[in-house]
Amino acid sequence: MAGKADNLVSLMNNSFFHSNISSKHLNQVYLERPRIDKLLEQTLQSQLLTVIAGAGYGKTQAVYSFLQKIPALTAWMQISNRDNIEERFWENFVTAVRTISGETARRLAENGFPSSDRLFDRYLAIPRQDLDPEKRYVFVYDDFHLLKNEAVLRFMEHSLNTVFPNLSSILISRQEIGINTAHLKTRGQVTKITEEDLRFTEEETADYFRIQDLQVSPQFISMVNRETEGWAFAVHLATLSLKNIPSFSPGTTAETLYVLPAMRPNIFKLIESEILANISPELRKFFITLSLTEELPQDLLVMLASRVFPGESPPLLSEVEDKLVKEGIGSFIRYDQYRKAYRIHHLLLDYLSRQQGELSAEEKNAVYRLAADWCSENNRKIDAITHYEKAGDFDAITREVYSFPLLLPHHLARFTRELLDRMPEDIYQKNPVLYIFSTRMMISLMRFDQAELELKRIIPQLETALDHAAEAEKPLLHHALFGCYMNLGFIGFILSGRTGNYDYVWLFEQGAAHGRLSGYVSKPPLSVAVIGFYLCRPVSPEREEVEKYIAALEALEPYVVEAMGGCYSGAGCLVRAEVAFFRSHIAEAERYAREAVRKAREAGQYEIENRGLFYLARVFLWRGDFEELRRIQLELGELREKPYYLNRFLQYDIVEGWFALQLGFMDRLAAWLKNDFEESDLNSMANGLEILIKAKYHFAEKKYPAALAVLESRKDTEGTVVLGRIENLALMAVCRYGARDQAGAYAALAEAYVLARPNGYLMSFTELGRHMRTLADSALRDHVSSIPRDWLLEIRRNASAYAKRIFAARKFFGPVAHNRFESYNIPPLSHREREVLDGLSRGLTRGEIAGSLFISVNTVKSVIGSIYGKLGAVNRADAVRIATTRGILRPGAPNTGSSGPAAGKAG
């Protein structure tokens, strides 16, 4: 079976398909058009080129052929309707980039779709680091008119308006581009090729007939050109019509044998009569089969060919070669060397799609499953789910959804929920585990009441079914009940901070019991907890409410840890560390935070580990233990190497941004945290700190109205939690004082005091340092009656001491310290990166480094690229210089700290 499939791939890789084709075969399918090449060369001097024309004008082929002739690195993105789903668009975008750089593609994939300014700034940092200023780059977006999604179009608009001197973008579209490019237009950086430019001239039509070995009169050429209006697709069909006339041969006068039909209205009739009329039923079925999937990677093509052509090396392949090479059908199917896949011309694809009724349901489903399996194996989840749905393979959809994390961004949760809603009810009866995912999507969408009602309806039905089930059916029902009880428990947990109802621990106990009986074991990313910035989430300021909340969280933790593969491990210790820290019980906070980090690290609970390290870092800053603070920062950086920590880059920027603002290092704050407030990329149940940081940034810049506006917006997120409200009000108070609104400042401070008093929360005031000291001084002088004097004296004393430690920290982490330590905003290097950097510093070649570390040269190249990106270096010497200057490398000594081969060689 593999033999005949490989033969087909060999056939489709030969000269009539491949872009790097010989002149002999090129002449059979594509006319070189120097006029168009010259036009493209002229227009591509700009930042943005749009190529806009209707179907069949040869837009794609003209651009494709031209790019083969110029010294540019090209990424080609073939857009489809499915790219209106953000995740699918990003998978497609990353795939296109991978043809230029696998390392860049990897980093883009980790960054995720830039759905807001914060992620867009992170995205921009990657090409800024990776684009070689000595090289020319072209990014092609083919069929751009298919994009309708506002978030995707907003990304494209921002991206295209960002200037990279050595990068040009080409948009190929059937319609005018519906995005704002005014910024580029005012600089003369937008050019356009139109339908009129692409029409065949009489000379080009004559040349095309000539290379097809068709001898016709000049009058006939004029007639064809006039009737087709230079439409490339129709000109090509005219040559096919002549070739299919039995009595026609080169040199025959074609005018007497050919009557040109009205091309546009009869295009499908032409395809049927001139392209597919004489092929065998098997070959016709093969072409229709290809139309079931938009893209045909080589290995997927092998699988499809294996289905249509049974047996070894069937003679049908010679028929394919005859029809494609000799009769020109190959011009409608091209090999895209950028994407390593085959593309059918959209006009032929439209026609074939209308013939899919010739395939049986079983044949279609088999193809959809093959395509879905390929997408799943290549991490194209949205495409995989879409194909599985077409195939009716709901078990496979369930497997794919298992790879999703506990909490999803709203747009992905909405896509998945809509897909699950389309499933027939009997599918849920056959696979009740789907109820888990359906209600989990509601939770991600914050439809708690709807999810709760649904779960309370489903659980009794599942328990009744369990009572009457055969033994073989029980594990699946236990699995469904495990997930449904857990979902219902999480709804109670999420809402308990507002409702004060902590009667939900029994739901987790029930879920764990069913989990044991199901035999199911949760794995990442499903087993990795996603938590909000504050883990202690009561809205009420009363101390009793806080203690109830902590007790309930500690009670549910062992059940969730057992049933969900370690999920929430360390959460109980973390919430106690958090409360102790804000109460200024520093020793207790450190003890619980260390235990939270230990438990979370053992169980792969990266967000809990991140938050525990964050509190430890704040403890050490409060104490003035800057060496320990430096160590914690390195540990925070290492978490970015964890692939199942889905929010790792955002949360690293957020935590590092907090410290940058505390120390007054504004230039070390990630660019996206300086933007005006916008909707968070994180699910709104898991965001909050980034909004506070934006407010602190505006405050530090003395933009008090902007800071106050951000704080107002925070009321709908973490601001409703009592800890969040206190931090909001404390910052609001110093903002108003800075804006000379003394009365407003005192009012906000008094409100914050009322909320903080029952639990003795002080740290939110202490960490505002000199600003809170100044405000407290003023309130004491003015004898503000709404705030006790003793309390004002205490926060003034604490804030004053903290301000002194901040001053010392600035000296430790400031510019002078760069001679001894890594730069504050340089991401920590991994152990492997330090090993490779040590080899570079000793002048070893890539091959020598690979040999000493027992890794491949390609791995060394990838690691070097990562080192350059982190250090901001452009070459080996630059990397060594930066690393030595900033204390990452110690001159004259091995720098890996390893007893492995690299260290041995260095010795």
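Residues numbered from 1 in each chain as written. Predicted model: local features only at pLDDT ≥ 70, side-chain atom pairs only at ≥ 80, totals over all residues. Heavy atoms only, no water.

### Brief notes about the overall build of the protein chain
Helix and strand content of the protein chain: 45 helices and eight strands. When each of the 907 residues of the protein chain is scored for burial, the buried share is 59%. A sequence separation of at least 24 residues applies to 72% of the contacts in the protein chain between residues at least 6 apart. In the form shown here, the protein chain has an accessible surface area of approximately 36300 Å², with 51% of it arising from carbon and sulfur atoms. (Helix = DSSP H or I, 4+ residues; strand = E, 2+ residues; numbered from the N terminus. Buried < 20%, exposed > 50% of the residue type's maximum accessible area, 1.4 Å probe, protein only. Contact = heavy atoms within 4.5 Å. Areas by Shrake-Rupley, 256 points an atom, 1.4 Å probe, with all protein chains shown as cover.)

### Digging into the packing of helix H28 (residues 543-563) against helix H29 (residues 571-582)
Two elements in contact, H28 and H29, have axes separated by 8 Å at closest approach and are oriented at 160 degrees. If you check the angle between H28 and H29, you find them roughly antiparallel. Along the contact surface, H28 presents Val546, Glu547, Ile550, Leu553, Glu554 and Glu557, while H29 presents Ala571, Gly572, Val575, Arg576 and Val579. Per-class residue counts for the contact of H28 with H29 are six nonpolar, one polar and four charged. (Axes fitted to C-alpha atoms, helices over the stretch in contact; angles between N-to-C directions. Parallel < 35°, antiparallel > 145°, perpendicular 65-115°, else oblique. Nonpolar A, V, L, I, M, F, W, Y, C, P; charged D, E, K, R; others polar.)

### Re the packing of helix H31 (residues 606-623) against helix H32 (residues 626-638)
Where H31 meets H32, the closest approach of the two axes is 8 Å, and the angle between their N-to-C directions is 160 degrees. Classified by the interaxial angle, the pair formed by H31 and H32 is roughly antiparallel. Considering only the axes of H31 and H32, their crossing is left-handed. Within the contact between the two elements, H31 uses Asn610, Leu613, Phe614, Leu616, Ala617, Phe620 and Leu621 and H32 uses Phe626, Glu628, Leu629, Ile632, Glu635 and Leu636. (Left-handed = near helix turned anticlockwise from the far one by under 90°.)

### Concerning the side chain of Gln355
By secondary structure assignment, the location of Gln355 is in the loop between helix H18 (346-353) and helix H19 (361-377). Assessed through its relative accessible area of 18%, Gln355 is described here as buried. In this structure the side chain of Gln355 is engaged in a polar contact, spanning 3.2 Å, whose partner is the backbone oxygen of Tyr351. The contacts of Gln355, once residues within four sequence positions are left out, are Arg284 and Ile288. (Polar contact = N/O pair within 3.5 Å; in protein donor to acceptor, adjacent residues only side chain to side chain.)

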